[in-house]
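# Structure assessment
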Amino acid sequence: MRFNTKIAVILRDDLLTWQRLNVTAFLVSGLGSVAPEVVGEPYRDAGDVEYLPMFRQPVMVFEAGKEMLSVAHGRALGRAQVAVFTSDLFTTGHDAANREAVRAVATADLDLAGIAVHGPRNVVDKIVKGASMHP
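The rules behind these values
- Residues numbered from 1 in each chain as written.
- Predicted model: local features only at pLDDT ≥ 70, side-chain atom pairs only at ≥ 80, totals over all residues.
- Heavy atoms only, no water.
- Pairing = 2+ DSSP bridges.
- Helix = DSSP H or I, 4+ residues; strand = E, 2+ residues; numbered from the N terminus.
- Contact = heavy atoms within 4.5 Å.
- Axes fitted to C-alpha atoms, helices over the stretch in contact; angles between N-to-C directions.
- Polar contact = N/O pair within 3.5 Å; in protein donor to acceptor, adjacent residues only side chain to side chain.
- Phe/Tyr/Trp six-rings, centres within 6.5 Å; stacked < 30°, edge-to-face > 60°.
- Buried < 20%, exposed > 50% of the residue type's maximum accessible area, 1.4 Å probe, protein only.
- Core = buried A, V, L, I, M, F, W, Y, C linked by side-chain atoms within 4.5 Å.

## Describing the sheet that holds strand β7 (residues 132–133)
- Pairing is mixed in the open sheet, where five strands are placed in the order β5-β6-β1-β4-β7. The sheet terminates laterally at β5 (81–86) and β7, the two strands that pair on one side only.
- Where strand β1 (residues 5–12) lies against strand β6 (residues 112–120), seven bridges are found, and the strand directions are antiparallel. Opposite T5, over in β6, you have P120 as the bridge partner.
- Packed onto the sheet, helix α5 (residues 121–128) meets β1, β4 (59–64) and β6 and runs at close to 155° relative to β6.

This is how it looks when you write it as structure tokens:
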């Protein structure tokens, strides 16, 4: 099935494995609240136990160097829905502190560990151009 939109995550290529997983989870966590159309129906097993819904389309995960990640971030602003995870967030302990850490830094100076984007397929393809699929 081909979707009209795309969800993509770009991770900085020097992150540790646990950081990559953590950043990805945080980045996509808010997407369903601003783009409810990307969330499918709840799951149910044969025992009639219900599970939470998940995205109805794939999440493409890429990696890039720090400079390419900044370029992708610049391309995304104003063209797609964007979530950011900065290096500062590895040292904070809760949601309010996370928001304060991002708020304290100018857009051009964000030390990005990763971004997530959602938007029209062709727009997201242009945003991630130059990044590599995560191995």
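## Considering the side chain of Q57
- Summarising the element assignment, Q57 is placed in the loop between β3 (50–51) and β4.
- A polar contact is formed between the side chain of Q57 and the backbone oxygen of T5, at a distance of 2.9 Å.
- Residues contacting Q57, with those up to four places away along its chain left out, are F3, T5, K6, I7 and V38.

## Some points on the packing of aromatic side chains
- Overall, the coordinates contain three aromatic pairs when judged by the stated rule.
- With a centroid separation of 5.8 Å and an interplanar angle of 70°, the aromatic rings of W18 and F90 are classed as edge-to-face. Taken together, the positions of W18 in helix α1 (residues 17–29) and F90 in the loop between β5 and α4 (95–103) put the pair 72 residues apart, joining distant regions of the chain.
- On the accessibility criterion, F90 (24% relative accessible area) is partly exposed.
- Among the aromatic side chains, those forming a connected cluster through ring pairs are W18, F26, F85 and F90.

## Quick look at the pairing of β6
- The element β6 is largely enclosed, with a buried count of eight among its nine residues.
- Both β5 and β6 contribute to a ladder of six bridges, which runs antiparallel. In the strand pairing of β6, V82 is matched with V117.

## Examining the nonpolar core
- Counting 18 residues, the largest nonpolar core has I10, I115, V117 and I127 as its most contacted members.
- Among the elements of the structure, β1, β4, α3 (66–76), β6 and α5 are those that each provide at least two residues to this core.
- Excluding its chain neighbours within four sequence positions, the residues that come into contact with V117 are K6, I7, A8, A76, A80, Q81, V82, V124 and I127.
- Membership of the second largest hydrophobic core comes to eleven residues, among which are L15, V23, L27 and F85.

Worth remembering: the numbers are spatial, not functional.
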